[in-house]
Amino acid sequence: MLDLFTIFSKGGIVLWYFQGVNQVLTEPVNALIKTVILQERGSVSSFQHGSLTLEYKLDNEFELIFVVAYQKILQLSYIDKFIDDVRREFRDKYAQDLRDGNVMRDFDFTEEFQRLLKKAEASAKNQAKQPRQMRTFEESQKSQKSVASLKVDKKKEKEKENVGKKKGKAPPEPAPPAAVINGGTVNTGGGGGGEGQDTIQRNREEFFKKMTGKGSKKNIGTSPKPEKEKEKKKGKAPTKWAHGGSSKDAKILDFSGDKESNGTMAGEEDLGDTEVRNEFVGDLYEEEEEEEDDDEEEIQQKDSKKSSGFGVFNMFKGLVGQKTVTAEAMAPVLDKMKDHLIGKNVAADIADQLCTSVATKLEGRVLGTFSGVTSTIRQAIRDSLVQILTPKRRIDILRDVMEAKSQNRPYTITFCGVNGVGKSTNLAKICFWLVENGFRVLIAACDTFRAGAVEQLRTHARRMAALHPPEHHSGVKMVQLYEKGYGKDAAGIAMEAINFAREQRIDVVLVDTAGRMQDNEPLMRALSKLIKVNQPELVLFVGEALVGNDSVDQLTKFNQALADFSSMENPRLIDGILLTKFDTIDDKVGAAISMTYTTGQPVVFVGTGQTYTDLKALNVQAVVNALLK
């Protein structure tokens, strides 16, 4: 049933593989590595490529990756356990070679693999033949309950009361006596005290009042009032400390006078006063508990001394010993790190997936001598963030423009995004950057919906033409605007602009599109049509650095709409991200991580101001430092 099972190191060396079909399956495995493993998506254990489903597991101690591939139509329930069994068997057999780094040897694992595969398939067949049966009544928890278990054991209750008294807890209030109504006796307390009995007593008294008249107590037997009411009548009692504090104790402890005034010499005890001598103020059990606590502390100190040995050797023992990273040890650190990333404006789902990926990558790893769990997790988070933000492909627009120019065709960039993120403004910044590098630019005004969109682009074109007049470029206009007014088809205007640029030998075409919400299906269909018809070299998503969780929703639905509405076998999706308003967020730079992690595409430009020169490339190290600060 399995098409492929392979074991390779994180360095890319294939140690062993099994192939069940004649088809070459290197492309799905490479797609898994590029899309999941290199993108720090450790929370995703299953990956689909074409008609295949690929599942993988990491062995962080020996830096190995176990990958299995099977047909997507199959539902194999034993795959997870099977990968664990293979991983355990392979580790046990070649543990010494893996520790020594001898990965170039011949790993003969076919016999063990076939044995484990037959065992897993047989177990799955047996489970399918034997459907799960419902448990009987005797096996349920309800059957364990009997009449005897519901009876109240008075001896145990008394023992609990005695324990409560020793610990200083107030004993439960006694049950109220019976009330007499018209000569009959009604039992108002069924044994056991507490707040529940007080509530019952109050409710019954209110019921008796209603039955016999407001406030009348003619036929109601008097019941004892609660102790709290008695204490109120007595007035405030003087504070009596646990070990003295009364007037009698003050006389005993006063040794300031002489024998004549106090009846005793200083330091002598009056043994004749039997009343005072026999009185002891305070509770004896408290001192007994203190003595028991002292004994326990002495025992613990002795045990610690026995176990610790010499302090210096014990210290080196703690330093030199190696330890394995476990999920329980990482959980509190990762929870704090997740909250920290969310506070830095990283989307909550992305922060959770990132921490899960780091936990998957670190679990089972053996730490070195002076390495701690917190520092290891922090460094792993840093490495993951750098890996996410680093482009996975070459992004060199100037070189691509020169290559397109050598082929006598314009290089086209399409800008898309939601409303109000700054598409037109940042389009003008990129236009100025291209003109500064000596390229002719044509701006296609394809936002035929928003009022003032064409006039805004016309103003930008006029200002840049003033900064780069034709006289400084041999009479050639460096910036031109192609417009057809409002209410026209945006895809048609973009096509005409590209043809015009090809005829006029213009190097770059910048296509401005209308802002649209990701849930607006008609506008998303129009955008998909524009990209499908004109096939631009670069599709840039313009997003704000201010957004948090919404950035994930925007990018996901934009990509999904481009894929659903294009009707192409390989639809064009978003190629890069232009992050605007980056100067307004201080160190809350989490939107860069959220957008990059969602699409896997890099941040090509960062907008940092209002002038044409406020356009920069993303500084990966600066962003990571700000996230972890």
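Residues numbered from 1 in each chain as written. Predicted model: local features only at pLDDT ≥ 70, side-chain atom pairs only at ≥ 80, totals over all residues. Heavy atoms only, no water.

(A) Fine view of the pairing of strand β16 (residues 603–607). Burial runs high along β16: 5 of the 5 residues are buried. Bridge analysis of strand β15 (residues 576–580) against β16 gives 3 bridges, and the strand direction is parallel. The residue of β16 that forms the bridge with L579 is V606. A crossover connection joins β15 to the parallel β16 through helix α23 (residues 590–599); in handedness this β-α-β unit is right-handed. Across 2 bridges, the pairing between β16 and strand β17 (residues 615–616) is antiparallel. Among the inter-strand pairings, G607 is bridged to a residue of β17, identified as L615. (Buried < 20%, exposed > 50% of the residue type's maximum accessible area, 1.4 Å probe, protein only. Helix = DSSP H or I, 4+ residues; strand = E, 2+ residues; numbered from the N terminus. Pairing = 2+ DSSP bridges. Right-handed = clockwise from strand over helix to strand, strands pointing away.)

(B) Spotlight on the UniProt feature "domain: SRP54-type proteins GTP-binding" (unreviewed entry) in the chain. UniProt's feature table lists "domain: SRP54-type proteins GTP-binding" (unreviewed entry) at residues 602–615, given in the numbering used throughout. The distance separating the terminal C-alpha atoms of residues 602–615 is 16 Å; by composition the span is 0% helix and 43% strand. (UniProt positions renumbered as here; feature names shortened; annotations may be inferred.)

(C) Broad picture of helix α14 (residues 327–343). End to end, α14 covers 24 Å across 17 residues, agreeing with the expected 24 Å (1.5 Å per residue, within 8%). Helix geometry: α14 is bent most strongly at V333, by close to 30 degrees. Among the structural elements, α15 (348–362), α16 (373–389) and α24 (620–628) are those in contact with the buried residues of α14. In the stretch just after α14, N345 is the one whose phi turns positive, near 80 degrees. (Expected span 1.5 Å × (residues − 1). Bend = angle between axes of the 7 residues up to and from the residue. Contact = heavy atoms within 4.5 Å.)

(D) View of the packing of helix α21 (residues 521–534) against helix α22 (residues 549–564). Relative orientation of the contacting elements α21 and α22 amounts to 60 degrees, with a least axis distance of 9 Å. Between α21 and α22, the interaxial angle falls into the category oblique. α22 is crossed by α21, and the crossing has right-handed handedness. Note on element contacts: α22 touches α21 through K557, F558, A561 and L562, opposite M524, L527, S528 and I531. Here the residues of the contact of α21 with α22 sort into 6 nonpolar, 1 polar and 1 charged. (Axes fitted to C-alpha atoms, helices over the stretch in contact; angles between N-to-C directions. Parallel < 35°, antiparallel > 145°, perpendicular 65-115°, else oblique. Left-handed = near helix turned anticlockwise from the far one by under 90°. Nonpolar A, V, L, I, M, F, W, Y, C, P; charged D, E, K, R; others polar.)

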